[in-house]
Amino acid sequence: MIVNIARRAHDHNWELDPITRSLLDTDFYKLLMLQFIWKHFPTTHATFAVQNRSTQVRLGEIIEIDELREQLEATRRLRFHKSELIWLAGNTFFGRRGMFEPAFLEWLDKGFQLCDFDLSVEDGQINLRFEGLWTDSTLWEIYALSIIDELKTRTALKRLSEFELDVLYARAKTRLWEKMERLRGVPGLSLSDFGTRRRHSYLWHEYVVIAMRDVLGTSFTGSSNTYLAYKHDLEAMGTNAHELPMALAALADSDEELCNAQYHVLELWQQTYQGELLILLPDTFGTTQFLRDAPDWVADWTGQRIDSKDPFAAGEEYIDWLKLRGRDPRRKRLIASDALDVDRILSLHAYFGGTIFKGGVAEEFRSASDFHDPERWMPHPRIRFSAGWGTFLTNDFRNCNPLADDSFNPISVVCKLVEVDGRPAVKLSDNYAKAIGPADEVERYRRVFGMAGIESIPVEA
């Protein structure tokens, strides 16, 4: 069924048109991490805070604060439906049934509720914090971000006539088609939707996911959005995120414990999921130091996700590390996920998924026809590469606005862990510009972990 996106957007004028339709409308990794937190840290308190890294966009002056409050309150009133819990209990995730424990699902049914929030506007920016038990605050991250992004979208939509809305979405659909057309038929391509947190809107997100499924076929492996996976019989994608090592590091009582926290969390994770879901996210405090000091058993994990480092350099670093540890990179998974768009996806697939001939370079691969020329490229994977496509899949409306301004352009808003049991939380990342935490604590972490491999790169999304 073809949804009239323009008409549906035009009809966003009810008293409350809820943005969060289900508690499943979150990234799958948040539910996996919630079970982990429920199991190991049920009494730990945590605080999350929203930060707009695109400071030139004054969100507090764009979004109506009362409307934001209403959406947050509506989300807080939601509960998991029986049918959703039955799906979580009985569905197969990553080839395994029973990923979620019956006691955990019972708690989701009877004991779970999102914690309260504090909301204000300061100097033109939204000040939004969630403080409570870690189990009750962690899921707010994705809900808060998708609500803020969609309210920003709705503000811009209200300025357009119905005809202008038609133009906006016609241009966005054309752009989406052009991207999919370049990806369709690329041999061995593997990509999934990672776009929940920065999406244009829920309706557009669903439209895009259905289009990707229908056009790309088996190259489209699934969605990180649990609700869309549930609703459209897709594979739910995702494992874990920076939040876990950040929390364990914050709870450390010495520099030695601090250094070991990034590995201790992996031990707990593989115990929790019986050796499944073993994808490393090593950049919380810097990938280079993580790999350098990792225990040998870490090399037995299934693969690595790249989030804040140049993906070509990070992939090479991981491959070299695996070889040094005596593991075959061809049996491992490499997932790129930071600010990807179609050009970068094709280049990375050409680089890691085969052999480039005749002095060619990865950036020259622009469509399926380039991969089907045996004089230019042959499929011979150095590692099993896949792409988690986010912002520029579900929110690429750049230059689509008929009013010719940038009000639909995506911005970089995050909701990060800031305190654990009253202690500050820190993330360094591989990008100097993405460090999060109090300045004195960030400097302490940099002293403890070092700065090897960390660069300063402009934040795209």
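Above this text sits the structure in question.
Owing to the predicted nature of the structure, the values given are computational and were not obtained by experimental measurement.

Participant: Where do I start with empty space enclosed by the protein in this structure?
Facilitator: Over the atoms, a rolled probe matching the size of one water molecule traces out where space is still vacant. If you walk through the whole model with that rule in mind, you get six cavities of 30 Å³ or more. Those elements that place two or more of their residues in the lining of the largest cavity are α12 (243-250) and α13 (255-272). With four residues, the single largest contributor to the lining of the largest cavity is α13. If you add up the space inside the second largest cavity, you get close to 70 Å³. What lines the second largest cavity is simply Ala172, Arg175, Leu176, Lys179, Trp204, Trp389, Phe392, Leu393, Asp396 and Phe397. When residues of the lining of the second largest cavity are traced back to their parent elements, those giving at least two are α9 (162-183) and α18 (391-394). Considering each element in turn, the lining of the second largest cavity owes the most residues, four residues, to α9.

Participant: For this particular structure, what's the right way to read α12?
Facilitator: In an α-helix there are 3.6 residues to a turn, and that puts residues three or four apart on one side. Most of α12 is tucked away, with eight of its eight residues classed as buried. Buried within α12 are the following residues: Glu243, Leu244, Pro245, Met246, Ala247, Leu248, Ala249 and Ala250.

Participant: Would you mind going over the packing of helix α2 (residues 28-40) against helix α6 (residues 102-110) with me for this structure?
Facilitator: The description of two packed helices rests on the angle between their axes and on the distance between the axes. With their axes 11 Å apart at the nearest point, α2 and α6 run at an angle of 100 degrees to one another. The orientation of α2 with respect to α6, classified from their angle, is roughly perpendicular. Only Ala103, Phe104, Trp107 and Leu108 of α6 make contact with α2, whose side of the interface consists of Leu31, Leu34, Gln35 and Trp38. When the residues that make up the contact of α2 with α6 are grouped by side-chain class, the tally is seven nonpolar, one polar and no charged.

Participant: Whenever I open this one, the sheet that holds strand β14 (residues 413-420) confuses me. Can you help?
Facilitator: Where strands meet in a sheet, backbone hydrogen bonds hold them as pairs that are either parallel or antiparallel. On the basis of which strands lie adjacent, the open sheet formed by five strands has the order β4-β5-β1-β14-β15 and antiparallel pairing. For this open sheet the edge positions go to β4 (117-122) and β15 (423-424), each flanked by a neighbour on one side alone. Inspection of the sheet shows strand β1 (residues 45-52) paired to strand β5 (residues 125-133) by five bridges, in the antiparallel sense. Paired with Ala49 across the strands is Arg129, a residue of β5.

Participant: Got a minute to help me understand the packing of aromatic side chains in this structure?
Facilitator: Remark: the centre distance and the inter-plane angle together describe each pair of aromatic rings, the angle taken between the planes. Counted by the stated rule, this structure contains 36 aromatic pairs. Here the aromatic rings of Phe41 and Trp134 are separated by 5.5 Å at their centres, their planes lie at 55 degrees, and the arrangement is tilted. With Phe41 in the loop between α2 and β1 and Trp134 in helix α7 (residues 134-137), this residue pair connects regions lying 93 residues apart in the sequence. Judged on exposure class, the residue Phe41 and its partner Trp134 are both buried. Here the guanidinium or amino end of Arg376 rests over the ring plane of Phe365, the centre of that ring lying 4.9 Å away. When the ring centre of Tyr351 is taken as reference, the NZ or CZ atom of Arg382 above it lies at 5.3 Å.

About the thresholds
Residues numbered from 1 in each chain as written. Predicted model: local features only at pLDDT ≥ 70, side-chain atom pairs only at ≥ 80, totals over all residues. Heavy atoms only, no water. 1 Å grid on protein atoms, 1.4 Å probe; cavity = no way out; pocket = protein on both sides within 12 Å on 5 of 7 lines; lining within 4 Å. Points joined across faces, edges and corners; volume = space filled by probe spheres on them. Helix = DSSP H or I, 4+ residues; strand = E, 2+ residues; numbered from the N terminus. Buried < 20%, exposed > 50% of the residue type's maximum accessible area, 1.4 Å probe, protein only. Axes fitted to C-alpha atoms, helices over the stretch in contact; angles between N-to-C directions. Parallel < 35°, antiparallel > 145°, perpendicular 65-115°, else oblique. Contact = heavy atoms within 4.5 Å. Nonpolar A, V, L, I, M, F, W, Y, C, P; charged D, E, K, R; others polar. Pairing = 2+ DSSP bridges. Phe/Tyr/Trp six-rings, centres within 6.5 Å; stacked < 30°, edge-to-face > 60°. Lys NZ or Arg CZ within 6 Å of the ring centre and 35° of its normal.

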